[in-house]
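So you can see what is in the structure, the chains are spelled out below.
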Amino acid sequence: TKGGNGEHPHGAGGEAKSPGDDTRSALQPQTSDRWANLTSRPNLCLPIFESKLASLKGEYDSKGLSPERNRELRGAIAATTRILGEWGTPHIVVNNAGAFLLRPFEATDPRDLDQQYALNIRAPFVVAQSFLPAMRAAGTGLLVNVGSISDQVAFPENSAYAASKFGLRGLHEVLTAEYRGSGVRFTLISPGPTDTRAWDPINPDARPGFPRRAQMLHPEDVGEVILFAATRPAHVSLEWVRLMPSL
């Protein structure tokens, strides 16, 4: 998945740029070769995907599911079906869509917490659950979760957001342990402040104590780290990266 995360002034996950020619040209030749190999492997797990779809459809067709769960399953079925038909088993899955909330704790409505959890932890959970069975059967693949420095460090006015990002880090660590030895690898990238559109309503340049946008990471910086993780040899597991601006 791809999306923009707005973050706390001290921590921001950005839009991860899809690997393009400009990104690959900056990498060593062997890294580019490994990326090319990733995109040329045949689909090994069509039956596993079909089994997963059958399971999802069976749950969807059963009675008693909430409207929210029905919508979620419809989305998962549609996305998995499309990817299955067009691409086959994914070699790399990136969970980068998310939401950000900067609000004092006493002013944070429980519905705000629900929204943060829905986008920052429930959505990555559903995406992972849709594709990991096939990736495990293939004995290969990488799941990247884009977190935030706020998945490790607490900041004021960050209660709902940090709770969801700490949850994402917990999910990442459990999956890393549960799938160890399967050939499927997991990477958590925790960026600091990244200059995305999420900062527009906050206007950090005009607020004391906030980093200036010119000093932040660029979305391409986060994308480079994703590409680096994706192009490591199969015997290398890059489990966690904290990415911060140097200024």
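Residues numbered from 1 in each chain as written. Predicted model: local features only at pLDDT ≥ 70, side-chain atom pairs only at ≥ 80, totals over all residues. Heavy atoms only, no water.

Caption draft 1: A look at the side chain of Ser 190. Following the sequence through the fold, Ser 190 ends up in strand 3 (residues 184-191). Of the polar contacts made by the side chain of Ser 190, one reaches the side chain of Trp 240; its length is 2.9 Å. Setting aside anything within four residues of it in sequence, one finds Ser 190 in contact with Gly 147, Ser 148, Ile 149, Asp 151, Trp 240, Val 241, Arg 242 and Leu 243. (Helix = DSSP H or I, 4+ residues; strand = E, 2+ residues; numbered from the N terminus. Polar contact = N/O pair within 3.5 Å; in protein donor to acceptor, adjacent residues only side chain to side chain. Contact = heavy atoms within 4.5 Å.)

Caption draft 2: Expanded view of the pairing of strand 1 (residues 92-95). Direction of pairing for strand 1 relative to strand 2 (residues 141-146): parallel, over a ladder of 4 bridges. Bridged to Val 93 within strand 2 is Leu 143. Of the crossover connections in this fold, the one passing from strand 1 over helix 5 (residues 110-138) to the parallel strand 2 is right-handed. (Pairing = 2+ DSSP bridges. Right-handed = clockwise from strand over helix to strand, strands pointing away.)

Caption draft 3: Broad picture of the side chain of Asn 120. Positionally, Asn 120 belongs in helix 5. A polar contact of 3.0 Å, which involves the side chain of Asn 120, links it to the side chain of Ser 164. For Asn 120, the contacting residues outside a window of four places in its chain are Gly 98, Ala 99, Tyr 161, Ser 164, Lys 165 and Leu 168.

Caption draft 4: Broad picture of helix 5. Taking 1.5 Å as the rise per residue, helix 5 with 29 residues should run 42 Å; its terminal C-alpha atoms sit 41 Å apart, in good agreement. Maximal helix bending in helix 5 amounts to about 40 degrees, located at Ala 118. The residue sitting at the N-terminus of helix 5 and contributing the capping side-chain oxygen is Asp 109; that oxygen lies 2.7 Å from the backbone nitrogen of Arg 111. Note on helix 5: the residue one or two positions beyond its end, Gly 139, has a positive phi of about 75 degrees. (Expected span 1.5 Å × (residues − 1). Bend = angle between axes of the 7 residues up to and from the residue.)

Caption draft 5: Just the nonpolar core, in detail. The biggest cluster of nonpolar side chains holds 15 residues, and the ones touching the most others in it are Val 93, Phe 131, Leu 132, Met 135, Leu 143, Leu 175 and Phe 186. Counting residues per element, the ones that place at least two in this core are helix 5, helix 6 (159-178) and strand 3. Examining the composition of this core, we find that 6 residues originate from one element, helix 5, more than from any other. With residues up to four places along the chain from it excluded, the contact list for Leu 143 reads Val 93, Asn 95, Ala 128, Leu 132, Met 135, Leu 175, Arg 185, Phe 186 and Thr 187. Judged by nonpolar contacts, the second largest core, of 13 residues, contains Val 94, Leu 217, Val 222 and Ile 226. (Core = buried A, V, L, I, M, F, W, Y, C linked by side-chain atoms within 4.5 Å. Buried < 20%, exposed > 50% of the residue type's maximum accessible area, 1.4 Å probe, protein only.)

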